[in-house]
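Chain and residue survey
Next come the chains, spelled out residue by residue.
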Amino acid sequence: MDIKTIEKKLQKFSHEREWDKFHSPKNISMAMSVEVAELVEIFQWLSEDESRNLDSDQIRCVKEEIADISIYILTMCMKLDIDLEETILSKIQLNERKHPALSNKK
């Protein structure tokens, strides 16, 4: 995935619609929570097994919500000048320290 190319496409899309004025970190975080809720709604009444065996329409809906959430994450990173890749790798390292692999425990 080329995040820089995606960011440029997002910036162009937003600029062409004059949406930048609405994309404050506060508004982005609120919009992101709505998109996460829409993803949760797809799974809300499914059993564990059903949630692992979605039909093609459900998969399409999940993909759309994941895309929406990802777009808001990238937009937030652009607004706050956060390097997403570095942030994710740093968090993985922190999690490795906080939660050692079971094979490493004595």
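The coordinates are above.
Residues numbered from 1 in each chain as written. Predicted model: local features only at pLDDT ≥ 70, side-chain atom pairs only at ≥ 80, totals over all residues. Heavy atoms only, no water.

Observations concerning the overall build of the protein chain
As a reminder of what qualifies: Only DSSP runs of H or I with at least four residues qualify as helices, and only runs of E with at least two residues qualify as strands; both kinds are numbered from the N terminus onward. Here the globule rule reads 2.2 Å times residues to the power 0.38, and the radius of gyration is calculated from C-alpha atoms. With a 1.4 Å probe rolled over the protein chains alone, any residue whose accessible area is under 20% of its type maximum counts as buried; one over 50% counts as exposed, and the rest are partly exposed. We get accessible surface area from the Shrake-Rupley algorithm with a probe of 1.4 Å; when it comes to residues, only the shown protein chains can shield them.
A tally of regular secondary structure across the protein chain gives five helices and zero strands. For 106 residues, the compact-globule estimate of 2.2 N^0.38 gives 13 Å, and the C-alpha radius of gyration of the protein chain, at 17 Å, exceeds that figure by more than 25%. The dimensions of the protein chain, computed from C-alpha atoms along their principal axes, are 55 × 35 × 25 Å. With 106 residues in all, the protein chain has 17% of them scored as buried. A total of about 8,600 Å² of accessible surface is found on the protein chain, and carbon and sulfur atoms cover 57% of it.

What to know about the side chain of E7
The test is simple: Between two residues, a contact is recorded if the distance between any of their heavy atoms is within 4.5 Å.
Within the secondary structure, E7 is located in helix α1 (residues 3-16). Other than its neighbours up to four places away in sequence, E7 contacts L74 and M78.

Some words on the nonpolar core
In globular proteins that are soluble, nonpolar side chains generally tend to be buried together. What counts here: The term nonpolar core refers to a set of buried residues drawn from Ala, Val, Leu, Ile, Met, Phe, Trp, Tyr and Cys, joined through side-chain atoms within 4.5 Å.
Counting eight residues, the largest nonpolar core consists of I28, M32, L39, I42, L54, V62, I69 and M76. Breaking this core down by element, the ones donating at least two residues are α2 (25-43) and α4 (56-80). Dropping the residues within four chain positions of it, M76 is found in contact with P25, I28, S29 and M32.

Description of the packing of aromatic side chains
Note the following rule: By convention, a stacked pair of Phe, Tyr or Trp rings (six-membered ring in the case of Trp) has centres within 6.5 Å and planes under 30 degrees apart, an edge-to-face pair has planes over 60 apart, and any other such pair is tilted. Both a distance and an angle decide whether a charge sits over a ring: NZ of Lys or CZ of Arg must be within 6 Å of the ring centre and within 35 degrees of the ring normal.
Under the defined criterion, the tally for this structure stands at one aromatic pair. Directly above the ring of F13 sits R17, whose terminal nitrogen or CZ lies 3.5 Å from the centroid.

A short note on the environment of K63
Secondary-structure assignment places K63 in helix α4. Taking relative accessible area as the criterion, K63 reaches 57% and is therefore assigned exposed. Considering only alpha carbons, one finds K63 and L39, 24 residues apart in sequence, at a separation of 9.1 Å.

What to know about α2
The following threshold applies: Take the residue count of a helix, subtract one, and multiply by 1.5 Å to get its expected span. Directions from the helix axis toward the C-beta atoms define the arc.
An ideal rise of 1.5 Å per residue puts 27 Å on 19 residues; α2 measures up with 28 Å between its terminal C-alpha atoms. Listed in full, the buried residues belonging to α2 are I28, M32, E35, L39 and I42. Each buried residue of α2 lies within a common arc of 65° when the element is viewed along its axis, so the set occupies one face. Set apart from the buried face of α2 by more than 90 degrees, the exposed residues are K26 and E41.

Considerations on the layout of surface pockets
The cut-off we apply is this: Grid spacing is 1 Å over the protein atoms alone, the probe is 1.4 Å, and a cavity is where that probe fits but cannot get out, while a pocket is an open set with protein on both sides within 12 Å along at least five of seven lines and lining residues have an atom within 4 Å of a point. Grid points are joined across faces, edges and corners, and a volume is the space filled by probe spheres set on the points.
In this structure, the largest pocket occupies an estimated 300 Å³ of space. Lining the largest pocket are 14 residues; nearest its centre among them are L10, S14, H23, I71 and T75. Elements represented by at least two residues in the lining of the largest pocket include exactly α1 and α4. If you tally residues by element for the lining of the largest pocket, the top one is α4, at six residues.

A word on a negative patch on the surface
Our working definition: For patch building, the residue pool is restricted to those with more than 30% relative accessible area and no salt bridge; the joining distance is 9 Å between like charges and 5 Å between nonpolar side chains (Val, Leu, Ile, Met, Phe, Trp, Tyr). For salt bridges, the criterion is a side-chain nitrogen of Lys or Arg within 4 Å of an Asp or Glu carboxyl oxygen. Charge counting follows a simple rule: Lys and Arg are positive, Asp and Glu are negative, and His as well as the terminal groups are ignored. Where a charge lies is defined by one atom per residue type, namely NZ (Lys), CZ (Arg), CG (Asp) and CD (Glu).
Where like charges cluster on the molecular surface, the negative patch consists of D81, D83, E85 and E86. Looking at the secondary structure, you find E85 in helix α5 (residues 84-98).

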